[in-house]
Amino acid sequence: MLTAFPELQKAFQEETSWQEGLETGSTVVYEDVFMPYVKKAIEKKEEKTITRIFDFIEELAGIDDDYTKQLLMICIFDNLVFFLLFC
């Protein structure tokens, strides 16, 4: 995530600094760092950022790993659907 979105480095550091550092769970990081970034980009209609976000999500979806698929379903898709329904 940080490679694709270096602009999230500060938010990532803030989120993980008071938790378990780099051992902080991916679900926490994706829900508390990535999803607010996604929601903000959608609200502001930042087309280039939205395209980057969905390219990244598509890349994650191509990973054949159960943990990654769960991360996508729970942290990204569930949050995204809820946000889009109620924004």
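Residues numbered from 1 in each chain as written. Predicted model: local features only at pLDDT ≥ 70, side-chain atom pairs only at ≥ 80, totals over all residues. Heavy atoms only, no water.

### With respect to the side chain of Thr16
(1) Moving on: With respect to the element layout, Thr16 can be found in helix α1 (residues 9-17).
(2) Moving on: The exposure class assigned to Thr16 is buried, which follows from its relative accessible area of 4%. (Helix = DSSP H or I, 4+ residues; strand = E, 2+ residues; numbered from the N terminus. Buried < 20%, exposed > 50% of the residue type's maximum accessible area, 1.4 Å probe, protein only.)

### Considering the packing of helix α3 (residues 47-61) against helix α4 (residues 66-86)
(1) Moving on: The contact between α3 and α4 brings their axes to 10 Å, and the two run at 145°. As α3 packs across α4, the resulting crossing turns out to be left-handed. Between α3, through Phe54, Ile57, Leu60 and Ala61, and α4, the contact on the second element is made entirely by Thr68, Lys69, Leu72, Ile76, Phe77 and Leu80.
(2) Moving on: Broken down by class, the residue content of the contact of α3 with α4 amounts to eight nonpolar, one polar and one charged. (Axes fitted to C-alpha atoms, helices over the stretch in contact; angles between N-to-C directions. Left-handed = near helix turned anticlockwise from the far one by under 90°. Contact = heavy atoms within 4.5 Å. Nonpolar A, V, L, I, M, F, W, Y, C, P; charged D, E, K, R; others polar.)

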